[in-house]
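Next come the chains, spelled out residue by residue.
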Amino acid sequence: MTRAAAGLKGRAAWALVVTAALVLSGCVGSSRTQPPRKVGRAPAASQAQPTYTADVGDPVLSGSVQSAPLDGAMPSTGGKTLGNGPVKVALILPLSGAGQGAMAGQSMRNAAEMALEEFQNTDITLLVKDDRGTPEGAQDAASQAVAEGAQLIIGPLFSGSVQAAGQVARQSGKPLIAFSTDAGVATPGIYLLSFLVQAEVDRIVSYAASQGRRSMVALIPDTTYGRVAEARLQQVAARQVIRLVAVERYPAGQPMGAVQRLARVIGGPAPQADALFLPDGGDGLPSVAQALQTIGFNGERVKAMGTGLWNEPRVFALPALQGGWFAAPDNRGFEDFAGRYRDRFNAEPIRLATLSYDAVTLAAALARMQGAQGYADGVLTNPAGFAGADGVFRFNPDGTNDRALTVQEVRGGAAVAISGAPRTLVAGN
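Given the structure is predicted, the values throughout are model-derived calculations rather than measurements. (Residues numbered from 1 in each chain as written. Predicted model: local features only at pLDDT ≥ 70, side-chain atom pairs only at ≥ 80, totals over all residues. Heavy atoms only, no water.)

Caption draft 1: Layout of the packing of aromatic side chains. According to the stated counting rule, one finds 10 aromatic pairs in the structure shown. On the numbers, 5.9 Å between centres and 45 degrees between planes, the contact of Phe337 with Tyr341 is tilted. Residue Phe337 and its partner Tyr341 are located together in helix 10 (residues 331-345), separated by 4 residues, close to a single helical turn. Accessibility classification places Phe337 together with Tyr341 in one group, the buried group. Ring centres of Phe337 and Tyr357 lie 5.4 Å apart, and the angle between their planes is 65 degrees; on these two criteria the pair is classed as edge-to-face. Of the two residues, Phe337 sits in helix 10 while Tyr357 sits in helix 11 (residues 353-370), which places them 20 residues apart along the sequence. (Phe/Tyr/Trp six-rings, centres within 6.5 Å; stacked < 30°, edge-to-face > 60°. Helix = DSSP H or I, 4+ residues; strand = E, 2+ residues; numbered from the N terminus. Buried < 20%, exposed > 50% of the residue type's maximum accessible area, 1.4 Å probe, protein only.)

Caption draft 2: Representation of the sheet that holds strand 10 (residues 190-192). Taken in spatial order, the 6 strands of this open sheet run 5-7-6-8-9-10, and their pairing is mixed. Each having just a single partner strand, strand 5 (80-82) and strand 10 make up the two edges of the open sheet. Averaged over all adjacent pairs, the angle separating strand axes in this sheet is 25 degrees, with direction ignored. Packed onto the sheet, helix 3 (residues 159-172) meets strand 8 (152-154), strand 9 (176-178) and strand 10 and runs at close to 170 degrees relative to strand 9. Together, strand 6 (87-93), strand 7 (124-130), strand 8 and strand 9 form the strand contacts of helix 11, whose direction differs from that of strand 7 by roughly 145 degrees. (Pairing = 2+ DSSP bridges. Axes fitted to C-alpha atoms, helices over the stretch in contact; angles between N-to-C directions. Contact = heavy atoms within 4.5 Å.)

Caption draft 3: Examining the side chain of Asp330 more closely. Within the secondary structure, Asp330 sits in the loop between strand 15 (325-328) and helix 10. Accessibility expressed as a relative area gives 11% for Asp330, which makes it buried. Within the structure, the side chain of Asp330 is placed 2.9 Å from the side chain of Arg332, a separation counted as a polar contact. (Polar contact = N/O pair within 3.5 Å; in protein donor to acceptor, adjacent residues only side chain to side chain.)

Caption draft 4: Geometry of the environment of Gln322. Topologically, Gln322 is positioned in the loop between helix 9 (313-316) and strand 15. Residue classification places Gln322 among the partly exposed positions, given a relative accessible area of 28%. Placed 92 residues apart in sequence, Gln322 and Ala414 show a C-alpha to C-alpha distance of 9.4 Å. Not counting residues within four places of it along the chain, the set of residues in contact with Gln322 comprises Phe316, Ala317, Val410, Arg411, Gly412 and Gly413. Reaching out from Gln322, the side chain makes a polar contact with the backbone oxygen of Leu318 at a distance of 3.0 Å.

Caption draft 5: Representation of the environment of Asp182 within the structure. Tracing the backbone through its elements, the reader meets Asp182 in the loop between strand 9 and strand 10. Sequence separation between Asp182 and Tyr225 is 43 residues, and the spatial gap between their C-alpha atoms is 9.0 Å. Within the structure, the side chain of Asp182 is placed 2.9 Å from the backbone nitrogen of Gly184, a separation counted as a polar contact.

Caption draft 6: Up close: the packing of helix 2 (residues 135-147) against helix 3. Contact pair helix 2 / helix 3: the axes reach a minimum separation of 7 Å and the direction vectors enclose 30 degrees. Viewed along their axes, helix 2 and helix 3 adopt a mutual orientation that is roughly parallel. Crossing geometry of helix 2 relative to helix 3 is assigned as right-handed. From helix 2, Pro135, Ala138, Gln139, Ala142, Ser143 and Val146 reach across to helix 3, where they touch Gly160, Ser161, Ala164, Ala165, Gln167, Val168 and Ser172. (Parallel < 35°, antiparallel > 145°, perpendicular 65-115°, else oblique. Left-handed = near helix turned anticlockwise from the far one by under 90°.)

Caption draft 7: Broad picture of the packing of helix 4 (residues 197-210) against helix 5 (residues 224-239). The geometry of helix 4 relative to helix 5 is characterised by a closest axis approach of 9 Å and an angle of 40 degrees between their N-to-C directions. Taken together, the axes of helix 4 and helix 5 lie oblique to each other. In the crossing of helix 4 with helix 5, the sense of the turn from one axis to the other is right-handed. Facing helix 4, whose interface residues are Val197, Gln198, Glu200, Val201, Asp202, Val205 and Ser206, helix 5 presents Tyr225, Val228, Ala229, Arg232, Leu233, Val236, Ala237 and Arg239. Looking at the contact of helix 4 with helix 5 residue by residue, the classes come out as 9 nonpolar, 2 polar and 4 charged. (Nonpolar A, V, L, I, M, F, W, Y, C, P; charged D, E, K, R; others polar.)

Caption draft 8: Examining the pairing of strand 11 (residues 215-221) more closely. Among the 7 residues in strand 11, 7 count as buried, and that is most of the element. Burial along strand 11 is two-sided: the residues Ser215, Val217, Leu219 and Pro221 and Met216, Ala218 and Ile220 are all buried. In this sheet, strand 12 (residues 243-250) lies alongside strand 11 in parallel orientation, the contact comprising 7 bridges. Within strand 12, the position partnered with Ala218 by the bridge is Val247. Handedness of the crossover joining strand 11 and strand 12 through helix 5: right-handed. (Right-handed = clockwise from strand over helix to strand, strands pointing away.)

Caption draft 9: Here's a closer look at helix 3. Taking 1.5 Å per residue as the helical rise, helix 3 with its 14 residues ought to reach 20 Å, and the 20 Å between its terminal C-alpha atoms agrees with that figure. Taken together, the buried positions of helix 3 are occupied by Ser159, Ser161, Val162, Ala164, Ala165, Gly166, Val168 and Ala169. Lining the buried residues of helix 3 we find helix 2, strand 8, strand 9 and strand 10. (Expected span 1.5 Å × (residues − 1).)

Caption draft 10: Just unusual backbone geometry, in detail. For the peptide bond that leads from Gly155 to Pro156, omega is 0 degrees, which places it in the cis range. Look at Gln120: it is not a glycine, yet its phi comes out positive at around 70 degrees. Counting through the fold element by element, Gln120 comes out in the loop between helix 1 (101-119) and strand 7. We note that Asn346 has phi near 55 degrees; this positive angle belongs to a residue other than glycine. Note that Asn346 resides in the loop between helix 10 and helix 11.

Listed below in structure tokens is the structure:
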């Protein structure tokens, strides 16, 4: 294993490490059950953490998300550079524009600066570009970056912007590492370093099968995210020989009708399924949980299961979902990162800030080892993968990613890890 950590500060546990092409043990979704470990509890109201929910494609920020800009202001930083290494890398983010995208962009920009500071003596110069939160802005930013000699493009955040910047990247033969959750914008050379619902569905359903769950009902919000989760569920359930007893869809925020139609299947003393898949988040699950209580749903008979959207205090507090399982990155990496971010910027990072941190650290590590040649497709798609703040990940040749995820259980207002994330990915898995 080759460690690209020689120039990092003393936080090597969460610094990105390049793992060479060795045969490694463990794979996504295959870790054995470990003793329970409490990893999250609903904070007091005065200490509410920023939360992040994402429909597939364009992210939607929720909660109190505050990111302290440098020098007490939040100007557009298009054209600014960070670092002074010989290898140029572009960072494209929505640093200005309408809505909360600019706030997200600033938090991710801060994380990028923190990555360079912690790497020390980096071999890259980061060309920071503002895409204004639009595809047109992303195309302009990517064109400017290529003209200025960027060998790798990091970002953008939104799916339409990724498509626009990706066209420029492909035409110039430069790889792009983006943050959209829309797997449809991934393609060879356009890699997504985001939390993809597909990986979370794979992990939670595989874990359920390992625990003897063989019949499942799906209650799906009629959203883009829900439809993608449902499609992946159909695939992985077939692979795991799990019978889908029923699939019901409901308008976002209006689950009662769908739940009532499932009353005989998942309610009462003799349910017909032993698992219930709920790919919804903190905005939608309270009404789902309330509807489940009206049909006599018992989480000890039917195991409720979800994706990373469950990973927030509003979900942990719902009585109907106590004992439920969900797949998500290990929280400890983000908590460590967030503490350092608060010390540096006196503000809370958004949940996605670790993605920017990991992308920039990876760019610096690869440049340290191989210069601009480190961004070749064969290096970026190394099956052994890389270790980042949110655990082990790898880029697939089609542009999607695999991640090592935990399985967590909702228990007493907290999330408790019941199956830890693998430390490595097996080549070829």
